[in-house]
Amino acid sequence: MTAAGKAAWRDLAGGLKLWRLVWALGWLDIRLRYRGSVLGPLWLTLSTAVMVAALGGLYAGLFRLQAADYVPHLAVSLVLWNSVAGQVTESCSVFVQQEPVIRSMRMPFWVHAGRVLLRNLLVLAHNALVLVPVFLLFGIFPGVQALLVLPAMALWVVDGFLLALALGAICARFRDISPIVSSVAQLAFFVTPVIWKPELIGARAALLALNPFHALLEIMRAPLLGEPAGVAVWASALAYSFFLVAGSWALFVRARPRLAYWV
Amino acid sequence: MTMADRKRAARVTVENVSLRFPLYHAGARSLKKLALAAATRRLGRDSGSRVVVEALKEISIGIASGERIGLIGGNGAGKTSLLRAIAGIYEPASGVVKTCGSLNVLLDPNLGMNPDLTGRENIFLRGLYHGLSRPALRRLEDDVASFAELAEFLDLPLRIYSAGMSVRLGFALATAIQPQILLMDEWFLAGDAAFLEKAHTRLEDLVRGVEILVLATHQEPVVRKWCTRVILLDQGRVRADGPPGDVLDEYFLRSR
(Lines give C-alpha, C1' and ligand atoms only; values in the text may rest on other atoms or scores of the structure.)
Protein backbone atom coordinates (compact mmCIF):
# COMPACT_ATOMS: atom_id res chain seq x y z
CA MET A 1 0.00 0.00 0.00
CA THR A 2 1.25 3.49 -0.77
CA ALA A 3 2.09 6.01 1.94
CA ALA A 4 -0.98 8.07 0.99
CA GLY A 5 -3.20 4.98 1.31
CA LYS A 6 -1.81 4.18 4.74
CA ALA A 7 -2.38 7.74 5.86
CA ALA A 8 -6.00 7.51 4.71
CA TRP A 9 -6.47 4.29 6.72
CA ARG A 10 -4.96 5.98 9.76
CA ASP A 11 -7.49 8.75 9.21
CA LEU A 12 -10.27 6.14 9.32
CA ALA A 13 -8.92 4.44 12.45
CA GLY A 14 -8.57 7.80 14.20
CA GLY A 15 -12.09 8.74 13.17
CA LEU A 16 -13.59 5.51 14.49
CA LYS A 17 -11.93 6.12 17.84
CA LEU A 18 -13.85 9.40 18.04
CA TRP A 19 -17.26 7.79 17.48
CA ARG A 20 -18.68 9.46 20.55
CA LEU A 21 -17.83 12.85 19.06
CA VAL A 22 -19.46 11.90 15.76
CA TRP A 23 -22.58 10.80 17.62
CA ALA A 24 -22.75 14.04 19.63
CA LEU A 25 -22.19 16.22 16.54
CA GLY A 26 -24.84 14.40 14.51
CA TRP A 27 -27.46 14.89 17.22
CA LEU A 28 -26.32 18.44 17.77
CA ASP A 29 -26.97 19.33 14.13
CA ILE A 30 -30.52 18.02 14.41
CA ARG A 31 -31.17 19.75 17.70
CA LEU A 32 -29.81 23.09 16.54
CA ARG A 33 -31.80 22.96 13.34
CA TYR A 34 -35.01 22.70 15.36
CA ARG A 35 -34.06 24.66 18.46
CA GLY A 36 -37.05 26.58 19.78
CA SER A 37 -39.63 24.69 17.74
CA VAL A 38 -42.28 22.74 19.58
CA LEU A 39 -42.36 19.66 17.37
CA GLY A 40 -38.61 19.63 16.73
CA PRO A 41 -37.48 17.05 14.21
CA LEU A 42 -41.04 15.74 14.04
CA TRP A 43 -41.66 18.62 11.63
CA LEU A 44 -39.82 16.46 9.12
CA THR A 45 -42.22 13.62 9.77
CA LEU A 46 -45.17 15.93 9.45
CA SER A 47 -44.07 17.51 6.18
CA THR A 48 -43.39 14.09 4.67
CA ALA A 49 -46.80 12.92 5.83
CA VAL A 50 -48.52 15.90 4.18
CA MET A 51 -46.58 15.27 0.98
CA VAL A 52 -47.52 11.59 0.94
CA ALA A 53 -51.19 12.40 1.51
CA ALA A 54 -51.31 15.12 -1.17
CA LEU A 55 -49.28 13.34 -3.84
CA GLY A 56 -50.92 10.00 -3.04
CA GLY A 57 -54.39 11.35 -3.77
CA LEU A 58 -53.32 13.25 -6.87
CA TYR A 59 -51.09 10.75 -8.61
CA ALA A 60 -53.16 7.66 -7.85
CA GLY A 61 -55.83 9.46 -9.90
CA LEU A 62 -53.43 10.61 -12.63
CA PHE A 63 -51.83 7.21 -13.08
CA ARG A 64 -55.20 5.44 -12.60
CA LEU A 65 -53.77 3.23 -9.87
CA GLN A 66 -55.45 1.73 -6.82
CA ALA A 67 -54.67 3.82 -3.73
CA ALA A 68 -53.94 0.61 -1.79
CA ASP A 69 -51.33 -0.24 -4.39
CA TYR A 70 -49.89 3.21 -4.99
CA VAL A 71 -49.84 5.07 -1.66
CA PRO A 72 -47.62 2.61 0.25
CA HIS A 73 -45.19 2.61 -2.69
CA LEU A 74 -45.15 6.41 -2.73
CA ALA A 75 -44.73 6.71 1.04
CA VAL A 76 -41.78 4.31 1.19
CA SER A 77 -40.18 5.81 -1.93
CA LEU A 78 -40.48 9.40 -0.73
CA VAL A 79 -39.07 8.64 2.71
CA LEU A 80 -36.12 6.80 1.19
CA TRP A 81 -35.55 9.34 -1.56
CA ASN A 82 -35.47 12.26 0.90
CA SER A 83 -32.67 10.46 2.65
CA VAL A 84 -30.72 9.77 -0.55
CA ALA A 85 -31.11 13.32 -1.82
CA GLY A 86 -30.20 14.76 1.59
CA GLN A 87 -27.05 12.69 1.81
CA VAL A 88 -25.99 13.54 -1.75
CA THR A 89 -26.50 17.30 -1.50
CA GLU A 90 -25.14 17.63 2.03
CA SER A 91 -22.04 15.65 1.07
CA CYS A 92 -20.90 18.69 -0.89
CA SER A 93 -20.45 20.84 2.19
CA VAL A 94 -18.91 18.18 4.44
CA PHE A 95 -15.47 19.79 4.51
CA VAL A 96 -16.14 23.34 3.34
CA GLN A 97 -18.53 23.87 6.24
CA GLN A 98 -15.96 22.67 8.77
CA GLU A 99 -13.22 24.97 7.55
CA PRO A 100 -12.50 26.57 10.96
CA VAL A 101 -12.01 23.17 12.59
CA ILE A 102 -9.97 21.74 9.73
CA ARG A 103 -7.63 24.71 9.76
CA SER A 104 -7.12 24.86 13.48
CA MET A 105 -6.75 21.33 14.73
CA ARG A 106 -5.63 17.91 13.64
CA MET A 107 -8.84 15.96 13.27
CA PRO A 108 -9.54 12.87 11.16
CA PHE A 109 -11.58 13.85 8.10
CA TRP A 110 -13.82 10.83 8.70
CA VAL A 111 -15.32 12.63 11.66
CA HIS A 112 -16.82 15.29 9.39
CA ALA A 113 -18.13 12.71 6.91
CA GLY A 114 -19.51 10.55 9.73
CA ARG A 115 -21.30 13.52 11.22
CA VAL A 116 -23.20 14.24 8.00
CA LEU A 117 -24.05 10.58 7.50
CA LEU A 118 -25.34 10.21 11.04
CA ARG A 119 -27.38 13.40 10.75
CA ASN A 120 -29.08 12.02 7.65
CA LEU A 121 -29.71 8.65 9.27
CA LEU A 122 -31.42 10.43 12.16
CA VAL A 123 -33.57 12.38 9.72
CA LEU A 124 -34.44 9.12 7.98
CA ALA A 125 -35.44 7.58 11.30
CA HIS A 126 -37.81 10.47 11.95
CA ASN A 127 -39.26 10.34 8.46
CA ALA A 128 -39.80 6.61 8.69
CA LEU A 129 -42.51 7.18 11.29
CA VAL A 130 -44.76 8.20 8.41
CA LEU A 131 -44.75 4.60 7.24
CA VAL A 132 -46.46 3.31 10.39
CA PRO A 133 -49.92 4.83 9.78
CA VAL A 134 -49.67 4.16 6.03
CA PHE A 135 -48.93 0.49 6.62
CA LEU A 136 -51.69 0.20 9.20
CA LEU A 137 -54.18 1.92 6.94
CA PHE A 138 -53.47 -0.27 3.93
CA GLY A 139 -52.84 -3.42 5.92
CA ILE A 140 -49.25 -4.01 4.85
CA PHE A 141 -47.17 -6.27 7.07
CA PRO A 142 -43.83 -6.94 5.42
CA GLY A 143 -43.02 -9.89 7.74
CA VAL A 144 -39.67 -11.64 7.57
CA GLN A 145 -38.95 -10.05 4.19
CA ALA A 146 -38.33 -6.82 6.07
CA LEU A 147 -35.14 -8.29 7.54
CA LEU A 148 -33.54 -7.74 4.12
CA VAL A 149 -33.62 -4.05 4.99
CA LEU A 150 -30.64 -4.66 7.26
CA PRO A 151 -28.07 -5.64 4.61
CA ALA A 152 -29.49 -2.93 2.34
CA MET A 153 -29.07 -0.39 5.12
CA ALA A 154 -25.48 -1.51 5.66
CA LEU A 155 -24.76 -0.95 1.97
CA TRP A 156 -26.36 2.50 2.17
CA VAL A 157 -24.19 3.43 5.15
CA VAL A 158 -20.98 2.41 3.38
CA ASP A 159 -21.99 4.15 0.15
CA GLY A 160 -23.16 7.30 1.91
CA PHE A 161 -19.98 7.52 3.94
CA LEU A 162 -17.66 7.24 0.96
CA LEU A 163 -19.82 9.53 -1.12
CA ALA A 164 -19.50 12.17 1.62
CA LEU A 165 -15.71 11.86 1.59
CA ALA A 166 -15.42 12.03 -2.19
CA LEU A 167 -18.01 14.72 -2.93
CA GLY A 168 -16.84 16.72 0.09
CA ALA A 169 -13.29 16.70 -1.26
CA ILE A 170 -14.23 17.51 -4.87
CA CYS A 171 -16.52 20.33 -3.77
CA ALA A 172 -13.81 21.78 -1.54
CA ARG A 173 -11.48 21.97 -4.52
CA PHE A 174 -13.99 22.96 -7.21
CA ARG A 175 -16.70 25.19 -5.81
CA ASP A 176 -18.85 24.88 -8.93
CA ILE A 177 -19.57 21.21 -8.33
CA SER A 178 -22.13 21.60 -5.59
CA PRO A 179 -24.79 23.40 -7.69
CA ILE A 180 -24.24 20.75 -10.35
CA VAL A 181 -24.80 18.01 -7.78
CA SER A 182 -28.07 19.64 -6.66
CA SER A 183 -29.39 19.75 -10.21
CA VAL A 184 -28.35 16.16 -10.86
CA ALA A 185 -30.11 15.08 -7.66
CA GLN A 186 -33.26 16.88 -8.78
CA LEU A 187 -33.09 15.31 -12.23
CA ALA A 188 -32.52 11.89 -10.66
CA PHE A 189 -35.71 12.35 -8.63
CA PHE A 190 -37.73 12.51 -11.83
CA VAL A 191 -36.03 9.71 -13.75
CA THR A 192 -36.04 7.31 -10.81
CA PRO A 193 -39.28 5.52 -9.91
CA VAL A 194 -40.09 7.51 -6.78
CA ILE A 195 -43.48 9.01 -7.53
CA TRP A 196 -44.12 6.64 -10.41
CA LYS A 197 -43.87 2.86 -10.65
CA PRO A 198 -41.60 0.97 -13.07
CA GLU A 199 -44.63 -0.89 -14.55
CA LEU A 200 -45.99 2.41 -15.89
CA ILE A 201 -43.28 2.84 -18.52
CA GLY A 202 -43.73 -0.62 -20.00
CA ALA A 203 -40.83 -2.02 -22.00
CA ARG A 204 -38.64 0.96 -21.25
CA ALA A 205 -38.39 -0.26 -17.64
CA ALA A 206 -35.38 -2.26 -18.80
CA LEU A 207 -33.50 1.05 -19.09
CA LEU A 208 -33.81 1.47 -15.35
CA ALA A 209 -30.86 -0.90 -14.97
CA LEU A 210 -28.73 2.06 -16.09
CA ASN A 211 -29.95 4.17 -13.19
CA PRO A 212 -27.85 3.48 -10.07
CA PHE A 213 -30.40 5.24 -7.88
CA HIS A 214 -33.07 2.75 -8.93
CA ALA A 215 -31.19 -0.35 -7.76
CA LEU A 216 -30.09 1.28 -4.51
CA LEU A 217 -33.61 2.46 -3.77
CA GLU A 218 -35.20 -0.86 -4.71
CA ILE A 219 -33.10 -2.98 -2.32
CA MET A 220 -34.57 -0.94 0.55
CA ARG A 221 -38.05 -0.40 -0.83
CA ALA A 222 -38.93 -3.95 -1.87
CA PRO A 223 -38.41 -5.61 1.54
CA LEU A 224 -40.32 -2.78 3.25
CA LEU A 225 -43.29 -3.45 0.99
CA GLY A 226 -42.96 -7.17 1.61
CA GLU A 227 -41.75 -8.04 -1.88
CA PRO A 228 -38.46 -9.76 -2.71
CA ALA A 229 -35.95 -7.35 -4.28
CA GLY A 230 -34.62 -9.99 -6.65
CA VAL A 231 -31.11 -11.15 -7.37
CA ALA A 232 -30.65 -8.91 -10.42
CA VAL A 233 -31.45 -5.75 -8.46
CA TRP A 234 -29.12 -6.74 -5.66
CA ALA A 235 -26.34 -7.59 -8.12
CA SER A 236 -26.70 -4.25 -9.80
CA ALA A 237 -26.81 -2.39 -6.45
CA LEU A 238 -23.65 -4.18 -5.37
CA ALA A 239 -21.90 -3.45 -8.66
CA TYR A 240 -22.74 0.26 -8.55
CA SER A 241 -21.68 0.38 -4.91
CA PHE A 242 -18.40 -1.28 -5.74
CA PHE A 243 -17.56 1.40 -8.30
CA LEU A 244 -18.72 4.15 -5.98
CA VAL A 245 -16.68 2.87 -3.06
CA ALA A 246 -13.53 2.15 -5.07
CA GLY A 247 -13.67 5.46 -6.92
CA SER A 248 -14.43 7.50 -3.83
CA TRP A 249 -11.70 5.83 -1.83
CA ALA A 250 -9.10 6.43 -4.55
CA LEU A 251 -10.17 10.04 -4.73
CA PHE A 252 -10.06 10.52 -0.98
CA VAL A 253 -6.59 8.98 -0.74
CA ARG A 254 -5.32 11.48 -3.29
CA ALA A 255 -7.21 14.48 -1.94
CA ARG A 256 -6.69 13.99 1.81
CA PRO A 257 -3.23 15.61 2.12
CA ARG A 258 -4.43 18.69 0.22
CA LEU A 259 -7.82 19.12 1.88
CA ALA A 260 -6.60 21.59 4.51
CA TYR A 261 -5.32 23.81 1.70
CA TRP A 262 -8.57 23.66 -0.24
CA VAL A 263 -11.23 24.47 2.33
CA MET B 1 -3.60 9.79 25.86
CA THR B 2 -2.15 6.35 26.49
CA MET B 3 0.58 5.45 28.94
CA ALA B 4 2.94 4.62 26.08
CA ASP B 5 2.67 8.18 24.82
CA ARG B 6 3.51 9.53 28.22
CA LYS B 7 6.68 7.53 28.73
CA ARG B 8 8.49 8.52 25.56
CA ALA B 9 10.17 11.92 25.54
CA ALA B 10 8.49 14.41 23.27
CA ARG B 11 10.31 15.41 20.14
CA VAL B 12 9.65 17.49 17.02
CA THR B 13 11.68 17.11 13.84
CA VAL B 14 11.13 19.31 10.83
CA GLU B 15 13.26 18.32 7.84
CA ASN B 16 13.52 20.41 4.73
CA VAL B 17 9.87 21.40 4.84
CA SER B 18 8.35 23.62 2.17
CA LEU B 19 4.71 24.70 2.11
CA ARG B 20 3.10 26.01 -1.05
CA PHE B 21 -0.40 27.38 -1.31
CA PRO B 22 -1.85 27.23 -4.80
CA LEU B 23 -4.38 30.02 -5.19
CA TYR B 24 -7.54 28.38 -6.46
CA HIS B 25 -10.45 30.51 -5.45
CA ALA B 26 -10.18 34.11 -6.55
CA GLY B 27 -12.42 35.28 -3.72
CA ALA B 28 -11.79 37.87 -1.06
CA ARG B 29 -9.79 35.42 1.00
CA SER B 30 -7.49 34.50 -1.85
CA LEU B 31 -7.05 38.11 -2.86
CA LYS B 32 -5.94 38.91 0.66
CA LYS B 33 -3.41 36.09 0.53
CA LEU B 34 -2.25 37.30 -2.86
CA ALA B 35 -1.75 40.86 -1.66
CA LEU B 36 0.08 39.70 1.42
CA ALA B 37 2.29 37.40 -0.62
CA ALA B 38 3.08 40.13 -3.13
CA ALA B 39 4.04 42.43 -0.28
CA THR B 40 6.43 39.88 1.17
CA ARG B 41 7.71 38.66 -2.22
CA ARG B 42 6.69 35.05 -1.80
CA LEU B 43 4.79 34.62 -5.04
CA GLY B 44 5.84 32.00 -7.50
CA ARG B 45 4.35 29.79 -10.16
CA ASP B 46 4.04 26.03 -10.13
CA SER B 47 4.39 23.64 -13.06
CA GLY B 48 0.79 24.17 -14.14
CA SER B 49 1.51 27.93 -14.14
CA ARG B 50 -0.90 28.45 -11.28
CA VAL B 51 -0.01 31.20 -8.84
CA VAL B 52 1.39 29.75 -5.64
CA VAL B 53 2.37 31.36 -2.38
CA GLU B 54 5.42 29.86 -0.76
CA ALA B 55 4.67 30.06 2.91
CA LEU B 56 7.68 28.04 4.09
CA LYS B 57 10.90 27.34 2.23
CA GLU B 58 13.15 24.41 3.16
CA ILE B 59 12.79 24.71 6.90
CA SER B 60 14.77 22.32 9.10
CA ILE B 61 14.39 22.43 12.87
CA GLY B 62 14.89 19.85 15.61
CA ILE B 63 13.21 20.43 18.97
CA ALA B 64 14.01 18.29 21.99
CA SER B 65 12.03 17.74 25.18
CA GLY B 66 12.38 20.67 27.57
CA GLU B 67 12.83 23.34 24.92
CA ARG B 68 10.68 26.49 24.86
CA ILE B 69 10.76 27.99 21.40
CA GLY B 70 9.74 31.54 20.52
CA LEU B 71 8.85 32.01 16.86
CA ILE B 72 9.26 35.60 15.81
CA GLY B 73 9.07 37.47 12.53
CA GLY B 74 6.92 40.05 10.77
CA ASN B 75 3.41 39.55 9.44
CA GLY B 76 3.39 36.89 6.76
CA ALA B 77 6.78 35.52 7.77
CA GLY B 78 5.30 32.03 8.08
CA LYS B 79 4.94 31.70 11.86
CA THR B 80 1.39 30.36 11.88
CA SER B 81 2.05 28.22 8.80
CA LEU B 82 4.94 26.60 10.60
CA LEU B 83 2.74 25.92 13.65
CA ARG B 84 0.12 24.36 11.36
CA ALA B 85 2.75 22.24 9.62
CA ILE B 86 4.09 20.95 12.94
CA ALA B 87 0.54 20.24 14.12
CA GLY B 88 -0.09 18.12 11.02
CA ILE B 89 -2.84 20.41 9.73
CA TYR B 90 -0.94 21.29 6.57
CA GLU B 91 0.93 18.39 5.06
CA PRO B 92 4.06 19.83 3.45
CA ALA B 93 4.56 19.79 -0.33
CA SER B 94 8.07 18.49 0.30
CA GLY B 95 9.99 17.51 3.40
CA VAL B 96 8.99 15.63 6.53
CA VAL B 97 7.47 16.63 9.88
CA LYS B 98 7.79 14.09 12.68
CA THR B 99 6.35 14.56 16.14
CA CYS B 100 6.57 12.25 19.08
CA GLY B 101 4.18 12.78 21.98
CA SER B 102 0.67 14.15 22.44
CA LEU B 103 0.15 17.49 20.78
CA ASN B 104 -2.24 20.39 21.12
CA VAL B 105 -2.36 23.49 19.01
CA LEU B 106 -3.99 26.73 20.14
CA LEU B 107 -4.62 28.96 17.15
CA ASP B 108 -8.19 30.13 17.37
CA PRO B 109 -9.70 31.13 20.74
CA ASN B 110 -13.23 30.45 19.55
CA LEU B 111 -12.53 27.09 17.98
CA GLY B 112 -15.58 24.87 17.99
CA MET B 113 -17.54 27.27 20.20
CA ASN B 114 -21.19 27.17 19.30
CA PRO B 115 -23.20 30.26 20.32
CA ASP B 116 -26.45 28.28 20.48
CA LEU B 117 -25.12 25.80 23.00
CA THR B 118 -24.78 26.35 26.72
CA GLY B 119 -21.38 26.73 28.33
CA ARG B 120 -21.63 23.22 29.73
CA GLU B 121 -22.48 21.74 26.33
CA ASN B 122 -19.57 23.57 24.74
CA ILE B 123 -17.19 22.20 27.34
CA PHE B 124 -18.51 18.70 26.79
CA LEU B 125 -18.13 19.01 23.03
CA ARG B 126 -14.57 20.27 23.28
CA GLY B 127 -13.72 17.33 25.49
CA LEU B 128 -15.12 14.97 22.88
CA TYR B 129 -13.03 16.67 20.20
CA HIS B 130 -10.01 15.68 22.26
CA GLY B 131 -11.30 12.14 22.65
CA LEU B 132 -11.58 12.35 26.45
CA SER B 133 -13.14 9.55 28.49
CA ARG B 134 -16.22 10.10 30.60
CA PRO B 135 -14.38 10.74 33.91
CA ALA B 136 -11.95 13.04 32.12
CA LEU B 137 -14.89 14.97 30.68
CA ARG B 138 -16.24 15.45 34.19
CA ARG B 139 -12.89 16.76 35.39
CA LEU B 140 -12.66 19.08 32.38
CA GLU B 141 -16.09 20.47 33.17
CA ASP B 142 -15.23 21.13 36.83
CA ASP B 143 -11.91 22.69 35.95
CA VAL B 144 -13.24 25.00 33.26
CA ALA B 145 -16.37 25.96 35.18
CA SER B 146 -14.43 26.97 38.27
CA PHE B 147 -11.83 28.94 36.33
CA ALA B 148 -14.24 30.77 34.03
CA GLU B 149 -16.50 31.76 36.99
CA LEU B 150 -19.64 31.52 34.97
CA ALA B 151 -21.82 30.36 37.89
CA GLU B 152 -25.44 30.10 36.71
CA PHE B 153 -24.49 31.21 33.19
CA LEU B 154 -22.93 27.78 32.66
CA ASP B 155 -26.34 26.43 31.74
CA LEU B 156 -27.31 29.31 29.46
CA PRO B 157 -26.45 29.61 25.78
CA LEU B 158 -23.24 31.37 24.81
CA ARG B 159 -25.04 33.95 22.73
CA ILE B 160 -26.12 35.85 25.84
CA TYR B 161 -22.64 35.88 27.42
CA SER B 162 -20.79 39.15 27.83
CA ALA B 163 -17.56 39.52 25.85
CA GLY B 164 -15.57 38.94 29.04
CA MET B 165 -17.42 35.72 29.84
CA SER B 166 -16.82 34.35 26.34
CA VAL B 167 -13.14 35.18 26.55
CA ARG B 168 -12.85 33.48 29.93
CA LEU B 169 -14.62 30.35 28.74
CA GLY B 170 -12.59 30.16 25.53
CA PHE B 171 -9.37 30.64 27.40
CA ALA B 172 -10.23 28.16 30.14
CA LEU B 173 -11.17 25.53 27.58
CA ALA B 174 -8.10 26.02 25.44
CA THR B 175 -5.77 25.78 28.41
CA ALA B 176 -7.51 22.91 30.18
CA ILE B 177 -5.92 20.11 28.20
CA GLN B 178 -2.27 19.50 28.86
CA PRO B 179 -0.33 17.93 26.00
CA GLN B 180 3.37 17.05 25.77
CA ILE B 181 3.87 19.40 22.86
CA LEU B 182 2.04 22.72 22.95
CA LEU B 183 1.88 25.00 19.91
CA MET B 184 0.43 28.44 20.52
CA ASP B 185 -0.35 31.57 18.60
CA GLU B 186 -0.25 34.76 20.60
CA TRP B 187 -3.96 35.54 20.77
CA PHE B 188 -4.32 34.39 24.38
CA LEU B 189 -1.87 36.98 25.65
CA ALA B 190 -4.67 39.52 25.40
CA GLY B 191 -7.68 39.42 27.74
CA ASP B 192 -9.75 41.67 29.95
CA ALA B 193 -7.75 43.27 32.73
CA ALA B 194 -9.22 41.78 35.89
CA PHE B 195 -8.92 38.35 34.43
CA LEU B 196 -5.37 38.74 33.18
CA GLU B 197 -3.53 38.00 36.42
CA LYS B 198 -5.38 34.73 36.94
CA ALA B 199 -5.02 33.82 33.27
CA HIS B 200 -1.32 34.38 33.49
CA THR B 201 -0.91 31.98 36.36
CA ARG B 202 -2.94 29.36 34.55
CA LEU B 203 -1.00 29.77 31.35
CA GLU B 204 2.29 29.55 33.20
CA ASP B 205 1.16 26.33 34.89
CA LEU B 206 0.22 24.90 31.51
CA VAL B 207 3.50 25.92 29.91
CA ARG B 208 5.48 24.55 32.83
CA GLY B 209 3.75 21.21 32.47
CA VAL B 210 4.44 20.69 28.78
CA GLU B 211 7.65 19.22 27.46
CA ILE B 212 7.87 21.35 24.34
CA LEU B 213 6.43 24.79 23.75
CA VAL B 214 6.40 26.55 20.40
CA LEU B 215 5.03 30.06 20.70
CA ALA B 216 4.45 32.41 17.78
CA THR B 217 4.49 35.94 19.09
CA HIS B 218 5.36 39.59 18.57
CA GLN B 219 5.84 40.40 22.22
CA GLU B 220 9.46 40.66 23.27
CA PRO B 221 8.93 40.47 27.06
CA VAL B 222 7.04 37.20 26.73
CA VAL B 223 9.81 35.67 24.68
CA ARG B 224 12.50 36.82 27.09
CA LYS B 225 10.57 35.48 30.06
CA TRP B 226 9.50 32.09 28.72
CA CYS B 227 11.64 30.99 25.86
CA THR B 228 14.95 29.16 25.91
CA ARG B 229 15.43 29.43 22.16
CA VAL B 230 14.22 31.85 19.52
CA ILE B 231 13.73 31.22 15.83
CA LEU B 232 13.45 34.22 13.56
CA LEU B 233 11.45 33.62 10.38
CA ASP B 234 11.56 35.90 7.41
CA GLN B 235 9.68 35.27 4.14
CA GLY B 236 9.29 31.61 4.99
CA ARG B 237 12.94 30.96 5.83
CA VAL B 238 14.81 30.64 9.11
CA ARG B 239 16.98 33.76 9.44
CA ALA B 240 18.29 33.15 12.92
CA ASP B 241 18.05 30.39 15.51
CA GLY B 242 19.62 30.64 18.94
CA PRO B 243 19.36 31.86 22.54
CA PRO B 244 16.76 34.62 23.07
CA GLY B 245 19.30 37.34 23.85
CA ASP B 246 21.21 37.02 20.59
CA VAL B 247 18.30 36.57 18.19
CA LEU B 248 16.07 39.21 19.76
CA ASP B 249 18.83 41.80 19.67
CA GLU B 250 19.41 41.11 16.02
CA TYR B 251 15.69 41.22 15.20
CA PHE B 252 14.84 44.39 17.04
CA LEU B 253 17.99 46.06 15.75
CA ARG B 254 16.97 45.34 12.17
CA SER B 255 13.34 46.25 12.53
CA ARG B 256 14.22 49.62 14.00
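Given the structure is predicted, the values throughout are model-derived calculations rather than measurements.

Participant: I keep staring at the packing of helix 4 (residues 67-91) of chain A against helix 9 (residues 177-191) of chain A and nothing clicks. Help me out?
Facilitator: Helix-helix packing is characterised by the crossing angle of the two axes and by the distance between the axes. Residues and elements named next belong to chain A. Contact pair helix 4 / helix 9: the axes reach a minimum separation of 9 Å and the direction vectors enclose 165 degrees. Regarding the angle of helix 4 to helix 9, the classification is roughly antiparallel. The handedness of the crossing between helix 4 and helix 9 is right-handed. Residues Leu78, Trp81, Val88 and Thr89 of helix 4 lie in contact with helix 9, whose contacting residues are Val181, Ser182, Ala185, Ala188 and Phe189. Class assignment of the residues belonging to the contact of helix 4 with helix 9 gives a composition of seven nonpolar, two polar and no charged.

Participant: Explanation requested: the interface of chain B and chain A in the structure shown.
Facilitator: Interfaces are frequently sized by the accessible area removed from exposure as the parts join. Listed by partner, the interface residues are 35 residues for chain B and 29 residues for chain A. Between chain B and chain A, a total of about 2800 Å² is buried, with carbon and sulfur atoms accounting for 54% of that surface. Taken together, the links from chain B to chain A amount to two salt bridges. A salt bridge links Glu121(B) to Arg31(A), with the shortest nitrogen-to-oxygen separation between them at 2.8 Å. The interface formed by chain B and chain A includes seven residue pairs in polar contact (both at pLDDT 80 or more). Counting only elements with at least two residues in the side of chain B that touches chain A, the list comes to strand 1 (11-22), helix 3 (79-87), strand 6 (103-106), helix 4 (119-129) and helix 5 (134-148) of chain B.

Participant: Honestly, the sheet that holds strand 4 (residues 68-72) of chain B in this entry has me stumped. Any pointers?
Facilitator: The strands that make up a sheet pair up through hydrogen bonds in the backbone, lying either parallel or antiparallel. Residues and elements named next belong to chain B. Pairing within the open sheet is mixed, and its six strands lie in the order 6-7-8-4-9-10. Looking at which strands have only one partner, the edges of the open sheet turn out to be strand 6 and strand 10 (237-242). Between one strand axis and the next, the sheet turns by 15 degrees as a mean value, whatever way the strands run. This element, helix 3, spans strand 4, strand 6, strand 7 (181-185), strand 8 (212-216) and strand 9 (229-234) of the sheet and lies at about 155 degrees to strand 7.

Participant: How do you make sense of the packing of aromatic side chains when you look at a structure like this?
Facilitator: Where two aromatic rings form a pair, the distance of their centres and the angle of their planes describe that pair. Scanning all chains against the criterion turns up 18 aromatic pairs over all chains. Between Trp9(A) and Trp249(A), the ring centres sit 5.0 Å apart and the planes meet at 45 degrees, which makes this aromatic pair tilted. Of the two residues, Trp9(A) sits in helix 1 (residues 3-17) while Trp249(A) sits in helix 11 (residues 231-255), which places them 240 residues apart along the sequence. Classification of Trp9(A) as partly exposed rests on a relative accessible area of 43%. Each ring, one from Phe95(A) and one from Phe109(A), has its centre 5.5 Å from the other, and the planes form 85 degrees; the classification is edge-to-face. With Phe95(A) in the loop between helix 4 and helix 5 (99-104) and Phe109(A) in helix 6 (residues 109-127), the pair connects residues that are 14 residues apart, well separated along the chain. Taken together through their ring pairs, the aromatic side chains of Trp9(A), Trp110(A), Phe161(A), Trp249(A) and Phe252(A) make up a single cluster. One Lys or Arg, Arg258(A), reaches over the ring of Tyr261(A) and ends 4.2 Å from the middle of that ring. Above the plane of the ring of Phe147(B) lies Arg202(B), whose end atom (NZ or CZ) is 4.5 Å from the centre.

What counts, and where the lines are drawn
Residues numbered from 1 in each chain as written. Chains lettered and ligands numbered in written order. Predicted model: local features only at pLDDT ≥ 70, side-chain atom pairs only at ≥ 80, totals over all residues. Heavy atoms only, no water. Axes fitted to C-alpha atoms, helices over the stretch in contact; angles between N-to-C directions. Helix = DSSP H or I, 4+ residues; strand = E, 2+ residues; numbered from the N terminus. Parallel < 35°, antiparallel > 145°, perpendicular 65-115°, else oblique. Left-handed = near helix turned anticlockwise from the far one by under 90°. Contact = heavy atoms within 4.5 Å. Nonpolar A, V, L, I, M, F, W, Y, C, P; charged D, E, K, R; others polar. Buried area = accessible area lost by both parts, 1.4 Å probe. Salt bridge = Lys/Arg side-chain N within 4 Å of Asp/Glu carboxyl O. Polar contact = N/O pair within 3.5 Å; in protein donor to acceptor, adjacent residues only side chain to side chain. Pairing = 2+ DSSP bridges. Phe/Tyr/Trp six-rings, centres within 6.5 Å; stacked < 30°, edge-to-face > 60°. Buried < 20%, exposed > 50% of the residue type's maximum accessible area, 1.4 Å probe, protein only. Lys NZ or Arg CZ within 6 Å of the ring centre and 35° of its normal.

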